[in-house]
Amino acid sequence: MRSTFLNVGERCNVAGSSIYKKAIVDGNFDKALKIALKQVEQGAHVIDINMDDGLIDAVSAMTKFVNLLVEEPEASKLPLMIDSSKFHVVEAGLKSARA
């Protein structure tokens with residue numbers, strides 16, 4: 001039987017997590033990756049990624065973080081929800097996702 005519930009991991013969104021935002025602003029992508037992996041462990045079906053913040057070079061951060069996710073065996077099993085109000089940031093994320 002197919003479930004209609006979709007658990008979206010929202011902790012990799014700079015607007016939704018101050019801990020994640022601080023990790024990204026500080027360039028601590030290892031910590032950001034741990035946040036994503038925790039969501040995987042807790043049953044997320046999709047990982048939402050958003051870098052829309054004035055303190056962040058969103059294209060660079062999106063590219064680097066998505067590249068880390070697709071190289072991580074556990075995180076790469078889940079689809080990514082590339083989230084931004086700026087098309088060029090979405091495009092950077094999609095190019096890095098390689099799928």
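Before reading further, recall that the structure is shown in the block above.
Residues numbered from 1 in each chain as written. Predicted model: local features only at pLDDT ≥ 70, side-chain atom pairs only at ≥ 80, totals over all residues. Heavy atoms only, no water.

Colleague: Requested: an account of the sheet that holds strand 2 (residues 46-50), with residues and values cited.
Modeller: A sheet is described by the order of its strands in space; here 3 strands give the open sequence 1-2-3, paired in parallel fashion. One side of each edge strand has no neighbouring strand; the edge strands of this open sheet are strand 1 (8-13) and strand 3 (80-83). On average, each strand axis in the sheet is inclined to that of its neighbour by 25 degrees, with strand direction left out of account. Pairing of strand 1 with strand 2 involves 4 bridges; the strand directions are parallel. Bridge assignment links Gly9 to a residue of strand 2, and that residue is Ile47. Across the face of the sheet, helix 2 (residues 29-41) comes into contact with strand 1 and strand 2 while running at roughly 170 degrees to strand 1. (Pairing = 2+ DSSP bridges. Helix = DSSP H or I, 4+ residues; strand = E, 2+ residues; numbered from the N terminus. Axes fitted to C-alpha atoms, helices over the stretch in contact; angles between N-to-C directions. Contact = heavy atoms within 4.5 Å.)

Colleague: Before we move on, can you summarise the nonpolar core with the specific residues and values?
Modeller: Core analysis: the largest hydrophobic core is formed by 28 residues, its most contacted members being Tyr20, Ile24, Ile49, Met51 and Phe65. Secondary-structure elements contributing two or more residues to this core are helix 1 (18-25), helix 2, strand 2, helix 3 (58-71) and helix 4 (87-97). With residues up to four places along the chain from it excluded, the contact list for Phe65 reads Cys12, Tyr20, Phe29, Ala32, Leu33, Ala36, Ile49 and Met51. (Core = buried A, V, L, I, M, F, W, Y, C linked by side-chain atoms within 4.5 Å. Buried < 20%, exposed > 50% of the residue type's maximum accessible area, 1.4 Å probe, protein only.)

Colleague: Report on the packing of helix 2 against helix 3, specifying residues and quantitative values.
Modeller: Angle between the axes and distance between the axes are the two parameters that describe a pair of packed helices. Where helix 2 contacts helix 3, the axes come no closer than 10 Å and their chain directions differ by 55 degrees. Taken together, the axis directions place helix 2 and helix 3 in an arrangement best described as oblique. By crossing handedness, the relation of helix 2 to helix 3 is classed as right-handed. Facing Phe29, Ala32, Leu33 and Ala36 of helix 2, the residues of helix 3 in contact are Ala61, Lys64, Phe65, Leu68 and Leu69. Partitioned by chemical class, the residues of the contact of helix 2 with helix 3 number 8 nonpolar, no polar and 1 charged. (Parallel < 35°, antiparallel > 145°, perpendicular 65-115°, else oblique. Left-handed = near helix turned anticlockwise from the far one by under 90°. Nonpolar A, V, L, I, M, F, W, Y, C, P; charged D, E, K, R; others polar.)

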